[in-house]
Amino acid sequence: MNGPLTQEMRQLLTAAFEPSSLDIINDSANHHGHTGDDGSGESHFTIVIESASFTGLSRLQRQRLVNAALGDIPGNRVHAVAIKARAPGE
């Protein structure tokens with residue numbers, strides 16, 4: 001499923017990091033009926049992103065940058081976002 005939130009996240013992350021690789025996986029179906037499932041089909045995501053912007057940064061720093069780039073999406077418009085951020089060659 002490639003809904004409006006998925007597209008918005010892709011645009012925001014591409015603008016912020018110019019990633020060499022970006023996968024946004026919609027995990028919402030796996031959480032149907034659980035806490036945070038709002039019925040929209042876009043409540044839980046995994047982001048796998050590779051960018052030179054992450055070179056030399058810790059895992060926590062990378063996650064904070066991704067969350068900042070996503071603005072109000074994590075925790076407000078989406079229940080859960082798992083982030084796997086790496087630099088090229090990792």
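Predicted, not measured: the structure shown is a model, and the values here were computed from it.

Undergrad: Help me understand the sheet that holds strand 3 (residues 80-86), please; the structure alone is not making it clear to me.
TA: Where strands meet in a sheet, backbone hydrogen bonds hold them as pairs that are either parallel or antiparallel. Sheet architecture is open: 3 strands sit in the order 1-2-3, paired in mixed fashion. Each end of this open sheet is capped by a strand with a single partner; those strands are strand 1 (21-26) and strand 3. Put simply, the sheet's adjacent strands are angled 10° from each other on average, direction ignored. Lying on the sheet, helix 1 (residues 4-17) is in contact with strand 1 and strand 2 (44-50); it crosses strand 1 at an angle near 155°. Along the sheet, helix 2 (residues 59-70) contacts strand 2 and strand 3; its crossing angle with strand 3, the most-contacted strand, is approximately 125°.

Undergrad: What is the right way to read the nonpolar core from this model?
TA: Most often, soluble globular proteins have nonpolar side chains that are buried together. In this structure, Leu 13, Ile 47, Ile 49 and Val 66 are the most contacted members of the largest nonpolar core, which totals 18 residues. Elements supplying a minimum of two residues to this core: helix 1, strand 1, strand 2, helix 2 and strand 3. Element by element, the count of residues in this core is highest for helix 1, at 4 residues. Setting aside residues up to four positions removed in sequence, Ile 47 forms contacts with Met 9, Leu 13, Leu 22, Asp 23, Ile 24, Leu 70, Val 81, Ala 82, Ile 83 and Lys 84.

Undergrad: Is there a simple way to explain the side chain of Arg 62 in this structure?
TA: Along the chain, the position of Arg 62 falls in helix 2. Arg 62 gets classed as buried once you look at its relative accessible area, which sits at 7%. A polar atom in the side chain of Arg 62 sits 3.2 Å from the backbone oxygen of Ala 85. Apart from the residues within four sequence positions on either side, Arg 62 is in contact with Phe 54, Gly 56, Leu 57, Ala 85, Arg 86, Ala 87 and Glu 90.

Undergrad: Just to check I follow, could you spell out the pattern of salt bridges for this structure?
TA: Applying the stated rule across the entire model yields 4 salt bridges. Where Arg 62 meets Glu 90, a salt bridge forms, and the shortest distance between an N and an O atom there is 2.7 Å. With a gap of 28 residues between them, Arg 62 in helix 2 and Glu 90 in the segment after strand 3 connect regions that are remote in the sequence. Residue classification places Glu 90 among the exposed positions, given a relative accessible area of 55%. Salt-bridge contacts for Arg 77 lead to Asp 72; the nearest nitrogen and oxygen are separated by 3.0 Å. For Arg 77, a relative accessible area of 34% translates into the label partly exposed. One network of salt bridges, with partners in common, ties together Glu 8, Asp 72 and Arg 77.

Undergrad: Whenever I open this one, the packing of aromatic side chains confuses me. Can you help?
TA: Aromatic rings in a pair are described by how distant their centres are and how their planes are angled relative to each other. Evaluated as defined, the whole model comprises 1 aromatic pair. Pairing Phe 17 with Phe 54 gives two aromatic rings, centres 5.0 Å apart and planes at 40°, and the pair type is tilted. Note that Phe 17 is positioned in helix 1 and Phe 54 in the loop between strand 2 and helix 2, a separation of 37 residues in sequence. With a relative accessible area of 8%, Phe 17 lands in the buried category. What makes Phe 54 buried here is its relative accessible area of 0%.

Parameters and conventions
Residues numbered from 1 in each chain as written. Predicted model: local features only at pLDDT ≥ 70, side-chain atom pairs only at ≥ 80, totals over all residues. Heavy atoms only, no water. Pairing = 2+ DSSP bridges. Helix = DSSP H or I, 4+ residues; strand = E, 2+ residues; numbered from the N terminus. Axes fitted to C-alpha atoms, helices over the stretch in contact; angles between N-to-C directions. Contact = heavy atoms within 4.5 Å. Core = buried A, V, L, I, M, F, W, Y, C linked by side-chain atoms within 4.5 Å. Buried < 20%, exposed > 50% of the residue type's maximum accessible area, 1.4 Å probe, protein only. Polar contact = N/O pair within 3.5 Å; in protein donor to acceptor, adjacent residues only side chain to side chain. Salt bridge = Lys/Arg side-chain N within 4 Å of Asp/Glu carboxyl O. Phe/Tyr/Trp six-rings, centres within 6.5 Å; stacked < 30°, edge-to-face > 60°.

Function cannot be read off these values alone, since they describe shape.
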